[in-house]
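Analysis of the macromolecular model
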Amino acid sequence: MSEKKEPGVWEGFKAFLMRGNVVDLAVAVVIGAAFTNIVNSVVKGVINPLVGAFGTKNLDHYSSCLKAPCATNAAGEVTSGVPIMWGSVLSAVLSFLITAAVVYFLMVLPMAKYLARVAARRAEKEGTKEVMEVTELEVLKEIRDALVAQRASGSAGPSDERPDGRPGLP
């Protein structure tokens, strides 16, 4: 009797890792982590100074006091009151919007256009192939109909002469 061998843990793990979507996801995470540093640098180096032209350079310092009086010590810890730190939320939202815009305009949109062109070319090739197949089929049908019409008129038989005077089929 032959026993059916179950795949081992290592083979299952290897198959899981070799799936296309797992590898793509791993690449996306690594690229995303590297890209986060770029976006954070843009926010801290460009956006924050632009906002700082109207107030403080660091968006994290923007806050409102929910329960007065709000006070912080030298380390930045709240000692009294209930502050709402809306500047840090604004900074995170700006980082997200910049990241989303760059990903969309530099990655998603060009890839969508490329895939649309590839699909159009493929559809164009398929359409041309169908037209060629239909045309060849029509030509073959016409040849068949001509041969049937020629035989029906009784023009050629095995012992008949060819147009050049030799015996046989034309």
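Residues numbered from 1 in each chain as written. Predicted model: local features only at pLDDT ≥ 70, side-chain atom pairs only at ≥ 80, totals over all residues. Heavy atoms only, no water.

To continue, consider the overall build of the chain. Summing up its helical and strand segments, the chain has three helices and two strands in all. Reading the chain from its N terminus to its C terminus gives the helix and strand order α-α-β-β-α. Residues counted as buried form 7% of the 170 residues belonging to the chain. Counted over contacts in the chain with a minimum sequence separation of 6, partners at least 24 positions apart contribute 31%. About 14,100 Å² of surface is accessible on the chain, with carbon and sulfur atoms providing 66% of the total. (Helix = DSSP H or I, 4+ residues; strand = E, 2+ residues; numbered from the N terminus. Buried < 20%, exposed > 50% of the residue type's maximum accessible area, 1.4 Å probe, protein only. Contact = heavy atoms within 4.5 Å. Areas by Shrake-Rupley, 256 points an atom, 1.4 Å probe, with all protein chains shown as cover.)

For the rest of this paragraph, the subject is the environment of Pro-83. Within the secondary structure, Pro-83 is located in strand β2 (residues 78-84). Accessibility expressed as a relative area gives 25% for Pro-83, which makes it partly exposed. C-alpha of Pro-83 to C-alpha of Thr-72: the two residues are eleven residues apart in sequence and 9.6 Å apart in space. Beyond its immediate chain neighbours, meaning those up to four positions away, Pro-83 contacts Ser-64, Cys-65, Leu-66, Cys-70 and Val-78.

This next bit is on the pairing of strand β1 (residues 64-72). The element β1 is largely exposed, with a buried count of zero among its nine residues. Here five bridges tie β1 to β2, and the two strands are oriented antiparallel to one another. The residue bridging Ala-71 from the neighbouring strand is Ser-80, located in β2. (Pairing = 2+ DSSP bridges.)

Before going further, it helps to spend a moment on a nonpolar patch on the surface. Judged by side-chain polarity, Val-23, Val-27, Ile-31, Tyr-104, Phe-105, Leu-106, Met-107 and Val-108 come together as a nonpolar surface patch covering roughly 750 Å² of accessible area. Put simply, the parts of the chain that give the nonpolar patch at least two residues each are α2 (20-52) and α3 (86-152). Looking at the nonpolar patch, the element that brings in the most residues is α3, giving five residues. Locating Met-107 in the fold gives a position in helix α3. Using a relative accessible area of 41% as the deciding quantity, one classes Met-107 as partly exposed. (Patch = residues over 30% accessible without salt bridge, like charges linked within 9 Å, V, L, I, M, F, W, Y side chains within 5 Å. Salt bridge = Lys/Arg side-chain N within 4 Å of Asp/Glu carboxyl O.)

The full count for this structure, using the stated rule, is one disulfide. For Cys-65, the disulfide goes to Cys-70, at an S-S distance of 1.8 Å. Here the disulfide of Cys-65 and Cys-70 is right-handed, its torsion about the S-S bond being about 90°. Overall, Cys-70 belongs to the partly exposed group, its relative accessible area being 33%. (Disulfide = S-S within 2.5 Å.)

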